[in-house]
Amino acid sequence: MRIALLSSFYPLRGGISQFNASMFAGLGKCHLVKAFSFSRQYPDFLFPGKTQYVTPEDEAMPVQAEALLDTVNPFTWLKTARAIRAWKPDLLVMKYWMSWFAPSLGYVARHCGCKSVVVLDNVIPHEAHWFDKPLTRYFLKGCTGFVSMSESVEKDLLSLRPDAPHTLLPHPLYSHFGTPLPREEAARILGLDPGRKTLLFFGLIREYKGLDILLEAFRELPQDYQLVIAGEPYGSFQKYQDLIDSLPGKDRVYVFPDYVRDSEVKRYFSAADVAVLPYRSATQSGISSIAYHFGVPLVVTDVGGLKGTIGARGTGIVAARPDPEIIRQEILRFFREPGVRENCLKAIDAEKRRLDWDVFCKNLTDFAATL
């Protein structure tokens, strides 16, 4: 099968690009695949991070992609559709995660000359606006089939397009971050106390991810706990810094407020006993896929698809609400209740076997063949 992939690819950076690079490699084992990417993903004034692109220090997986689509320039939408048609694919695969992309990707889907399958990260974004649903409906109507990676995304999809041909495939395991380090070595590199219980908050820092909730939960934890915060803030970090400064144990909070390069990811997860996702809203999380690779259990909130993808699988503990006291109690239970950690680690080993990229790509193409 000839498969065109249209989404974010190197030199664009971040979790979406990492996912696409892994999907490109997986599909390429059995099919002829060509990558098409954005010449401009977001205007700079709409991008709250430091940069959209890899830097010389990054070790992102390079993918040779034809960068054509400018989300702001409709003339490039036409150009991209023509280029894809000229390549004569049997299938177009796209990723969708926010309504900003609905007009450009929706146009290409309607004019690509083949059926299209969309891997949905979100249908309704975490930080919603009034225009999200109408734009997303336009996009969904132009596509042939859909892959959801959690039941909550599947539910959102069917709320906007009840007749959508769809399948549910779990988020595959990220495995390109290298092998784990010994815990003591990782702690030494990061300047941590290897004798303390280590909590990890990892990834881009955004309001919906609830870092402030975790900091309040940390306030009442005993002295033998430490917290590592690793990730680039989207916007100002000041309100979180003010919270940290107010903590009695502020010297046990370690902040690394920069984009984490691929080769550095293993430091943080190798040093961690548990990753905490105190999210206010969620669909699924790519952080869990990284955590599984490094054998790190999770404490998550009961929002979106986290309960179904983590709690039901036994790979972590689910806090009933994004509330500091509830999260604190679940963190304490993880370390104090006999067998909890051991059972999580056994479940993670099972997930490693299930969440394989080859399985994901085969299921995706098998689904596309039914359309």
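For the structure itself, consult the block above.
With that settled, consider the overall build of the protein. Secondary structure assignment for the protein yields 14 helices and 13 strands. Taking 21 Å as the expected radius of gyration for a compact globule of 371 residues, we find that the protein reaches 21 Å, a close match to that expectation. Taking the principal axes of its C-alpha atoms as reference, the protein extends roughly 60 × 40 × 40 Å. Per-residue burial for the protein yields a buried fraction of 54% across its 371 residues. Put simply, 75% of the contacts in the protein that link residues at least 6 apart link residues at least 24 apart. Computed over 44 positive and 41 negative side-chain charges, the inter-centroid distance for the protein is 5 Å.

Together, Arg-110, Lys-133, Arg-137 and Lys-141 line one region of the surface with positive charge. Tallying contributions element by element places helix H4 (residues 132–141) first for the positive patch, with 3 residues.

Our next topic: the packing of helix H7 (residues 211–219) against helix H12 (residues 324–336). The N-to-C vectors of H7 and H12 enclose an angle of 65°; their axes lie 8 Å apart at closest approach. With respect to the hand of their crossing, H7 and H12 are arranged in right-handed fashion. Along its contact with H7, which presents Ile-213, Leu-214, Glu-216 and Ala-217, the element H12 presents Pro-324, Ile-327, Arg-328 and Ile-331. The class makeup of the residues in the contact of H7 with H12 is 6 nonpolar, no polar and 2 charged.

Nonpolar side chains in soluble globular proteins generally cluster together in the buried interior. One finds Met-23, Val-119, Phe-202, Phe-269, Phe-360 and Leu-364 to be the most contacted residues of the largest nonpolar core, which totals 59 residues. The element best represented in this core is helix H14 (residues 357–369), accounting for 6 residues. Aside from chain neighbours lying at most four places away, what touches Val-119 is Phe-19, Met-23, Val-93, Met-94, Lys-95, Tyr-96, Val-147, Met-149, Phe-360 and Leu-364. Core analysis: the second largest hydrophobic core is formed by 34 residues, Leu-6, Ala-102, Leu-140 and Val-153 among them.

Right, let's talk about the environment of Leu-214 for a bit. Of note, Leu-214 is situated in helix H7. Using a relative accessible area of 0% as the deciding quantity, one classes Leu-214 as buried. As a C-alpha pair, Leu-214 and Pro-324 span 110 residues in sequence and 6.2 Å in three-dimensional space.

Turning next to the side chain of Ser-99. Summarising the element assignment, Ser-99 is placed in the loop between strand E4 (91–96) and helix H3 (102–111). Overall, Ser-99 belongs to the buried group, its relative accessible area being 3%. Here the side chain of Ser-99 touches Asp-132 through a polar contact of 2.5 Å, side chain to side chain. Dropping the residues within four chain positions of it, Ser-99 is found in contact with Phe-131, Asp-132, Leu-135 and Thr-136.

Here is what the cut-offs are and how they apply
- Residues numbered from 1 in each chain as written.
- Predicted model: local features only at pLDDT ≥ 70, side-chain atom pairs only at ≥ 80, totals over all residues.
- Heavy atoms only, no water.
- Helix = DSSP H or I, 4+ residues; strand = E, 2+ residues; numbered from the N terminus.
- Rg over C-alpha atoms; globule rule 2.2 N^0.38 Å.
- Buried < 20%, exposed > 50% of the residue type's maximum accessible area, 1.4 Å probe, protein only.
- Contact = heavy atoms within 4.5 Å.
- Lys, Arg positive; Asp, Glu negative; His and termini not counted.
- Charge placed at Lys NZ, Arg CZ, Asp CG, Glu CD.
- Patch = residues over 30% accessible without salt bridge, like charges linked within 9 Å, V, L, I, M, F, W, Y side chains within 5 Å.
- Areas by Shrake-Rupley, 256 points an atom, 1.4 Å probe, with all protein chains shown as cover.
- Salt bridge = Lys/Arg side-chain N within 4 Å of Asp/Glu carboxyl O.
- Axes fitted to C-alpha atoms, helices over the stretch in contact; angles between N-to-C directions.
- Left-handed = near helix turned anticlockwise from the far one by under 90°.
- Nonpolar A, V, L, I, M, F, W, Y, C, P; charged D, E, K, R; others polar.
- Core = buried A, V, L, I, M, F, W, Y, C linked by side-chain atoms within 4.5 Å.
- Polar contact = N/O pair within 3.5 Å; in protein donor to acceptor, adjacent residues only side chain to side chain.

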